[in-house]
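# Structural description and commentary
Here is what each chain is made of, one letter per residue.
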Amino acid sequence: MAAINTEYKEPSYGNWRVPRSAGLGNLGAIGTGIVMAGLLMGITTFAIWGLFPGLAVLAVAGASALLLTVKDKHGQSVVDRFGTRMTFRLSKSSGTNLYRSGPLGVTEWGMYQLPGLAAKSTLYEFADSYKRPFAMLHVPATSHFTVIFSTEPDGASLVDPEQVDAWVANWGGWLAGLADEAGLDAAAVTVETAPDSGYRLRHEVEMNIDPNAPEFAQAILREVVDTYPEGSATVRAWVSLTFNASLRSGSKKRTPEDVARDLASRIPGLSARLQSTGAGIARPMSAQELCEVVRIAYDPPAALIIDEAHAAGSPVALTWGEVGPTATQANWDDYRHDSAFSVSWTMTGAPRGSVNSSFLSRLLAPHGDIDRKRVSLLYRPMDSAKAATVVERDQNNANVRITSGTRPSARALVDARSAVQTAQEEARGAGLVNFGMVVTATVTDRERLPDAVAAIEQTSGTARVLLRRAYGAQDTAFAASLPLGLVLPKHSMVPSEIKDAL
């Protein structure tokens, strides 16, 4: 009788790729074009004006190529860093890094509207086919509509590893299925950790305690209520889906009512499929719940007031014009908003090599040096037609970088093998998704800010994720980490295709 091998082998995940255009060395298509144009101008100058003018033109072309080629570990060249710093200086000199709202603010209507990218957003509330209310956020600048699901993740504690692997596989299938959702542009997962106020536990105990129970048992329960909130934390997660007002390129833009009518029948199916990914019970957020989340993010002490009101049974009525901060100030490396200070990072490099399913656990876990932390994973699924074109072009570009030189580097060879593997997986039906990450750490005391920064940078190192502080764009990164469904490339003045080609 043959023995059965029951030894469990944990799967690994990887093969993340950054698509690059073909070019000379580290240059993209546009950078290569600039260098070739400089060489052509230098040769022409040699022929017409002589040696020294030609050398001067070649020196300028060489300096331009050097500025575009030499990049740091985050992929930023000298030109990129100079442009970022100059943009922030212009913003600071014009005062656009400052924000004031309310009756004493600069707006005529005296509301506490959101700053920055979400300033012109409008919040609606409709009901889905199950008669559940759901919030729908409209951002007119990009013609996007976002619905947010509140989830209750099961967590991986005391869970069989085979079940975790099944969750990961279902999550990959859920992401791949988003590419076939009509009009969907982006998705995001936001995980927030914050201190527990204890009001919900107190309310639950006081409502269910039996007055005829032994005094010892009642004393134990009240002691738990008094001591449990110290050092405890709450973990909440949201999944946001962002849809375009147009179902396809060139079609007529739909009204909010038309979009809501379409989404009302699709929300139950999307939330049901989320439950198989380990997200737990997923339900659409109401407008009031979204208002509370955003209000607390900009003013963390408001969480105590809102939790106390919920525990007392008092309704909380917030409108979208009341959730914004009273005042904000975006500095070069941090962001001050009402009673708190925040620092945000963006991911510039996925883990090299293979990782297991728990590699982000320390980055997501609560930390004693951080009052409130948000980790947002941003996804932009590609439809199958575009994905096939992208992987084929990426494979051809990788082959060009190998054959363009006599001795290709080891990194170029590995990149070519990775491009071939990606193309093969896509041909077998796998989905292609652009993804990124934004991490925000918030404290209520500026003196604790260095400790929060050190905590994030240390935990991101253990996760093997390369994070870069969002210098000069702290307010934008803070808004991107919220479950608002903002699609950052759509707000950029320079298209991402041009950035990749440099």
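Residues numbered from 1 in each chain as written. Predicted model: local features only at pLDDT ≥ 70, side-chain atom pairs only at ≥ 80, totals over all residues. Heavy atoms only, no water.

Looking at an unreviewed UniProt entry, one finds the protein named Integral membrane protein and attributed to Pseudarthrobacter oxydans.

We now examine the side chain of Ser 376. Considering the arrangement of structural elements, one finds Ser 376 in strand 11 (residues 372-381). Polar contacts involving the side chain of Ser 376 include one to the side chain of Thr 190, which spans 3.1 Å. (Helix = DSSP H or I, 4+ residues; strand = E, 2+ residues; numbered from the N terminus. Polar contact = N/O pair within 3.5 Å; in protein donor to acceptor, adjacent residues only side chain to side chain.)

Further remarks concern unusual backbone geometry. Notably, Lys 131 is not glycine yet its phi reads approximately 65 degrees, a positive angle. Tracing the backbone through its elements, the reader meets Lys 131 in the loop between strand 2 (122-127) and strand 3 (133-139). With phi around 55 degrees, Ser 143 is a residue other than glycine that occupies positive phi space. Here Ser 143 lies in the loop between strand 3 and strand 4 (144-151). Take Ser 143: its relative accessible area is 12%, and that puts it in the buried class. (Buried < 20%, exposed > 50% of the residue type's maximum accessible area, 1.4 Å probe, protein only.)

What describes two packed helices is the angle between their axes and the distance between those same axes. Look at helix 8 (residues 287-298) against helix 9 (residues 302-311): their axes get within 8 Å of each other, and the N-to-C directions meet at 145 degrees. Residues Glu 292, Arg 295 and Ile 296 of helix 8 form the contact with helix 9, whose participating residues are Ala 302, Ala 303, Ile 306 and His 310. For the contact of helix 8 with helix 9, the per-class residue count stands at four nonpolar, one polar and two charged. (Axes fitted to C-alpha atoms, helices over the stretch in contact; angles between N-to-C directions. Contact = heavy atoms within 4.5 Å. Nonpolar A, V, L, I, M, F, W, Y, C, P; charged D, E, K, R; others polar.)

Let us now look at the packing of aromatic side chains. The relative placement of two aromatic rings is captured by the distance of their centres and the angle of their planes. All told, the structure shown has nine aromatic pairs when counted by the stated rule. A ring pair is formed by Trp 171 and Tyr 379, whose centres lie 6.0 Å apart and whose planes are at 70 degrees; its orientation type is edge-to-face. Taken together, the positions of Trp 171 in helix 4 (residues 161-178) and Tyr 379 in strand 11 put the pair 208 residues apart, joining distant regions of the chain. Classification of Trp 171 as partly exposed rests on a relative accessible area of 21%. Between the aromatic rings of Trp 332 and Tyr 471, the centroid separation amounts to 5.7 Å while the plane-to-plane angle is 25 degrees, which identifies the pairing as stacked. Remark: Tyr 471 occurs in the loop between strand 13 (466-469) and helix 14 (474-481) and Trp 332 occurs in the loop between strand 8 (327-330) and strand 9 (335-337); sequence separation between them is 139 residues. Here Trp 332 falls in the partly exposed class, since its relative accessible area comes to 22%. Chaining the aromatic ring pairs together yields one cluster made of Phe 88, Trp 332 and Tyr 471. When the ring centre of Trp 332 is taken as reference, the NZ or CZ atom of Arg 85 above it lies at 4.3 Å. Taking NZ or CZ as reference, Arg 374 lies 4.8 Å from the ring centre of Phe 478, over its face. (Phe/Tyr/Trp six-rings, centres within 6.5 Å; stacked < 30°, edge-to-face > 60°. Lys NZ or Arg CZ within 6 Å of the ring centre and 35° of its normal.)

With that settled, the discussion passes to the pattern of salt bridges. Enumeration over the complete set of coordinates arrives at 13 salt bridges. Ionic pairing is found between Arg 266 and Glu 181, a salt bridge with its closest N-O pair at 2.8 Å. With Arg 266 in helix 7 (residues 256-274) and Glu 181 in the loop between helix 4 and strand 5 (184-195), the pair connects residues that are 85 residues apart, well separated along the chain. In this structure Glu 181 comes out as buried when scored by relative accessible area, which is 16%. Put simply, Asp 299 and Arg 295 hold a salt bridge, and the shortest N to O gap is 3.4 Å. Take Asp 299: its relative accessible area is 13%, and that puts it in the buried class. (Salt bridge = Lys/Arg side-chain N within 4 Å of Asp/Glu carboxyl O.)

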